[in-house]
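Structural overview for review
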Amino acid sequence: MTGVSNQVVLFGPSGTAAYEPPVAREQPTSVTAGRRIRLPAKTFRGRVLAALREGPKTDDELCVATGLRDNSVRPRRIELVREGLVENSGHVRPTRSGNAAIVWRLREPTQEAGCRSS
């Protein structure tokens, strides 16, 4: 084991999820970096979600829509995919450089059986 923790999602007192970035706990520089990115990562996730609420986008289009660099967008989008909030749309589009890229979209909420009133 290398001592690097996996990504953890913590829940605050209000029940909302709080992002906990992965860090190598025994490395002081990693712990400091993890603390520094905690708030921006959470904010960046919100920016990525907001951009996807406007419609499906590639990672390249997410960079343009959010004003973030690809090395900030991709990790946030990956987290959102792992949490089941974002999914592959099944489509591809060319990026600004002409490469084919997956188009990501917000995942449709599943319809669960609710309570019926009589």
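Let me sum up the structure you'll find in this document. (Residues numbered from 1 in each chain as written. Predicted model: local features only at pLDDT ≥ 70, side-chain atom pairs only at ≥ 80, totals over all residues. Heavy atoms only, no water.)

Turning our eyes to something else, we now look at the overall build of the protein. Tallying secondary structure elements over the protein gives 3 helices and 4 strands in all. Ordering the α and β elements of the protein from the N terminus gives β-β-α-α-α-β-β. When burial is assessed residue by residue, the protein has 31% of its 118 residues classed as buried. Sequence separation of at least 24 residues holds for 34% of the intrachain contacts in the protein that already meet a minimum separation of 6. Entry remark: accessible area of the protein is about 8300 Å², with carbon and sulfur atoms responsible for 53%. (Helix = DSSP H or I, 4+ residues; strand = E, 2+ residues; numbered from the N terminus. Buried < 20%, exposed > 50% of the residue type's maximum accessible area, 1.4 Å probe, protein only. Contact = heavy atoms within 4.5 Å. Areas by Shrake-Rupley, 256 points an atom, 1.4 Å probe, with all protein chains shown as cover.)

Throughout the structure, instances matching the rule amount to 0 aromatic pairs. Stacked on the ring of Trp 104, the Lys or Arg Arg 77 has its end atom at 4.0 Å from the ring centre. (Phe/Tyr/Trp six-rings, centres within 6.5 Å; stacked < 30°, edge-to-face > 60°. Lys NZ or Arg CZ within 6 Å of the ring centre and 35° of its normal.)

With that out of the way, let us pick up the nonpolar core. Phe 44, Val 48, Leu 49, Ala 51, Leu 52, Leu 62, Cys 63, Leu 68, Val 73, Leu 80, Val 86 and Trp 104 together form the largest nonpolar core, which totals 12 residues. Of all elements in the fold, only α1 (28–53), α2 (59–66) and α3 (70–82) reach the threshold of two or more residues within this core. In terms of residues, this core owes the most to one element, α1, which gives 5 residues. Each residue touching Val 86, except ones within four places of it in the same chain, is listed here: Leu 49, Leu 52, Arg 77, Leu 80, Val 81, Trp 104, Arg 105, Leu 106 and Arg 107. (Core = buried A, V, L, I, M, F, W, Y, C linked by side-chain atoms within 4.5 Å.)

A full pass over the atoms with the stated rule returns 10 salt bridges. In this structure, the salt-bridge partner of Glu 61 is Arg 93, at a minimum N-O distance of 2.8 Å. In this pair, Glu 61 is assigned in helix α2 and Arg 93 in strand β3 (residues 86–94), connecting sequence segments 32 residues apart. On the basis of relative accessible area, Glu 61 is assigned to the partly exposed category, the value being 25%. Across the pair Arg 105 and Glu 87 runs a salt bridge whose closest N-O atoms are separated by 2.9 Å. Here the residue Arg 105 occupies a position in strand β4 (residues 100–106), and Glu 87 occupies one in strand β3, the gap between them amounting to 18 residues. Given the relative accessible area of 22%, Glu 87 is considered partly exposed. A network of salt bridges, in which partner residues are shared, links Arg 45, Arg 76, Glu 79 and Glu 83. (Salt bridge = Lys/Arg side-chain N within 4 Å of Asp/Glu carboxyl O.)

Along an α-helix, residues three or four positions apart point the same way, because every turn accommodates 3.6 residues. For α3, built from 13 residues, the straight-helix expectation of 18 Å at 1.5 Å per residue is met to within 8% by its first-to-last C-alpha distance of 18 Å. For α3, the set of buried residues is Ser 72, Val 73, Arg 76, Arg 77, Glu 79 and Leu 80. The buried residues of α3 occupy an angular sector of 155° when projected down its axis, which confines them to one face. With respect to the buried face of α3, the exposed residues turned more than 90 degrees away are Asn 71 and Arg 82. Two residues or fewer past α3, Gly 84 is found with a positive phi of approximately 80°. (Expected span 1.5 Å × (residues − 1). Arc of directions from axis to C-beta.)

Among the structural elements, Lys 57 can be located in the loop between α1 and α2. With no salt bridge to any partner, buried Lys 57 finds its closest opposite charge in Glu 54, at an N-O distance of 4.1 Å. Among the polar contacts made by the side chain of Lys 57, one reaches the main-chain carbonyl oxygen of Ala 51 at a distance of 2.9 Å. Here the side chain of Lys 57 touches Gly 55 through a polar contact of 3.2 Å, landing on its backbone oxygen. If sequence neighbours within four positions are ignored, Lys 57 has contacts with Ala 51, Leu 52, Leu 62, Ala 65, Arg 93, Ile 102, Val 103 and Trp 104. (Lys, Arg positive; Asp, Glu negative; His and termini not counted. Polar contact = N/O pair within 3.5 Å; in protein donor to acceptor, adjacent residues only side chain to side chain.)

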